[in-house]
Amino acid sequence: MEKDIVEYELTIWIEVNIEKGLNLLNKHRFIYLTIIFCLLSAFGSSEIIYSHSAKTNLIIAHPERAIRSLIRITGTDFDCYDFHDNRQCILEYSKTEEHESILLEITRDLTNYRFKMHLPLTEEELNRFAAYLGRDELIDPTSPEIKEIIHTLIGNETDAWQITVKLLEWVGDVLELEASLHPAVEHVILFAALARAAGIPTRIAAGLRYQGGMWVNWLWNEIWVKEWIAVDPAYQQTTPDALLVKLTSAPSLVGLFVFDDLDIRIRSVDFALHADH
């Protein structure tokens, strides 16, 4: 039975703090400052407002252990959303004059993607994924500092999945995941720049993560390894848990911040004994 416990009104602020950036990245200060100044340029402020109103009907003690979930999502217009990825599928869909509703199944993807794609990409692939490999106003894979890190981290490795694992570990090590609620902007920008510099097509995914007893707006990445695969740099998850709900994705971060109000309810959750990246 579904029963609402409480409704949360969330206003999430991402504070751009240069001193924090210097402390986090130490010798790689330039990269973090580049991210900060790109954010300032793109959004015209030292703070990004990221708001959402959400409901939670179940309190989950260890969401990172979720391996399968059934989520009911209701809203007014789903045309702008993309609920499909390597983890998610729609089991039910209904529509009335006022609302649309889906029952979403999310399953932790335990597929082994090693040896599925080797670099470099073919000429046809480079053309096909140009938007997910190039530079934009926030992501700069052409930076000499980014290229230096790629050279140091991956050496002669050509397996795209092995490279991804190394990059996730590195980004997670140099950027702390704050206890306060925020959608991990710096993690997805830095990871996207590194992965693109390595030659892996990478895009930004946006949606909701169950965190701290509520649903919060969240950002993560999707990489192309012969198919789009979700990875979460902030949580260092190569296999994101089943309480991470994708709503959309795009080559750039810009434009992914605004969601209409959604009613989201957990129908059921299955758990692993231990969290697994």
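Quantities reported herein were computed from a predicted structural model and do not represent experimental measurements. (Residues numbered from 1 in each chain as written. Predicted model: local features only at pLDDT ≥ 70, side-chain atom pairs only at ≥ 80, totals over all residues. Heavy atoms only, no water.)

A few points about the sheet that holds strand 3 (residues 66-75)
Just so we agree on the cut-off: Paired strands are those between which DSSP finds at least two bridges. Where helices and strands are cited, they refer to DSSP runs of H or I of at least four residues and of E of at least two residues respectively, numbered from the N terminus. In this analysis, axes come from line fits to C-alpha atoms, helices being fitted only over the stretch in contact, and the angle between any two N-to-C directions falls in the range 0 to 180 degrees.
Reading across the sheet, the 4 strands line up as 4-5-3-10 and stay open at both edges, with antiparallel pairing between neighbours. Both edges of this open sheet fall to strand 4 (88-95) and strand 10 (263-271), since each of them pairs with a single strand only. Here the average twist between neighbouring strands, direction ignored, is 15 degrees. Both strand 3 and strand 10 contribute to a ladder of 8 bridges, which runs antiparallel.

Topic: the packing of aromatic side chains
For clarity, the threshold we go by: When the centres of two rings from Phe, Tyr and Trp lie within 6.5 Å, Trp using its six-membered ring, the rings pair. Their planes under 30 degrees apart give stacked, over 60 give edge-to-face, and anything left gives tilted. The buried label applies to any residue whose accessible area, calculated with a 1.4 Å probe on protein chains only, is under 20% of its type's maximum; exposed applies above 50%, and partly exposed to all values in between. Note on criteria: charge over ring means Lys NZ or Arg CZ within 6 Å of the ring centre, with the direction from the centre no more than 35 degrees off the ring normal.
Throughout the structure, instances matching the rule amount to 10 aromatic pairs. Look at Y113 and W161: their rings are 5.3 Å apart centre to centre, the planes differ by 50 degrees, and that puts the pair in the tilted class. Taken together, the residues Y113 in the loop between strand 5 (100-107) and helix 3 (123-128) and W161 in helix 5 (residues 160-174) connect sequence positions 48 residues apart. Comparing Y113 with W161, the two get one shared label, buried. Between the aromatic rings of W224 and W228, the centroid separation amounts to 5.5 Å while the plane-to-plane angle is 70 degrees, which identifies the pairing as edge-to-face. In terms of burial, W224 and W228 fall into one category: buried. Clustering of aromatic rings is evident, with ring pairs tying together F129, Y132, W224 and W228. Directly above the aromatic system of W228 lies the positively charged group of R203, at a separation of 4.1 Å from the ring centroid. In this structure, R209 packs its charged tip against the face of Y235, placed 4.0 Å from the ring centre.

Looking at the confidence of the model for the chain
What counts here: pLDDT: the predictor's confidence for each residue, scored from 0 to 100.
Averaged over all residues, the pLDDT of the chain is 81; the fraction at 70 or higher stands at 74%. Looking over the chain, one finds the lowest element-wise mean pLDDT in strand 1 (residues 6-15), namely 32, and the highest in strand 8 (residues 228-231), namely 98.

Here we look at helix 4 (residues 144-154)
Test applied: Our arc is simply the arc of the directions from the helix axis toward the C-beta atoms.
Among all positions of helix 4, only I146, I149, I150 and I154 are buried. Each buried residue of helix 4 lies within a common arc of 100 degrees when the element is viewed along its axis, so the set occupies one face. Relative to its buried face, helix 4 has exposed residues pointing more than 90 degrees away, namely P144, E148, H151 and T152. Downstream of helix 4 by one or two residues, G155 has phi in the positive range, about 55 degrees.

Describing unusual backbone geometry
Look at the link from L119 to P120: it is a cis peptide, with omega at 5 degrees. As for its placement among the helices and strands, P120 is situated in the loop between strand 5 and helix 3. Unlike most non-glycine residues, Q236 shows phi in positive territory, near 55 degrees.

What to know about the nonpolar core
Nonpolar side chains in soluble globular proteins generally cluster together in the buried interior. Selection rule: Throughout, nonpolar core names a set of buried Ala, Val, Leu, Ile, Met, Phe, Trp, Tyr and Cys residues whose side chains join them through atoms within 4.5 Å.
Core analysis: the largest hydrophobic core is formed by 45 residues, its most contacted members being L190, F191, L194, I204, I223 and L253. At the level of elements, helix 4, helix 5, helix 6 (185-198), strand 6 (202-211), strand 7 (214-224) and strand 8 are the ones that each hand at least two residues to this core. In terms of residues, this core owes the most to one element, helix 6, which gives 10 residues. Grouped together as the second largest cluster of nonpolar side chains are 21 residues, F78, I102, L243 and V269 included.

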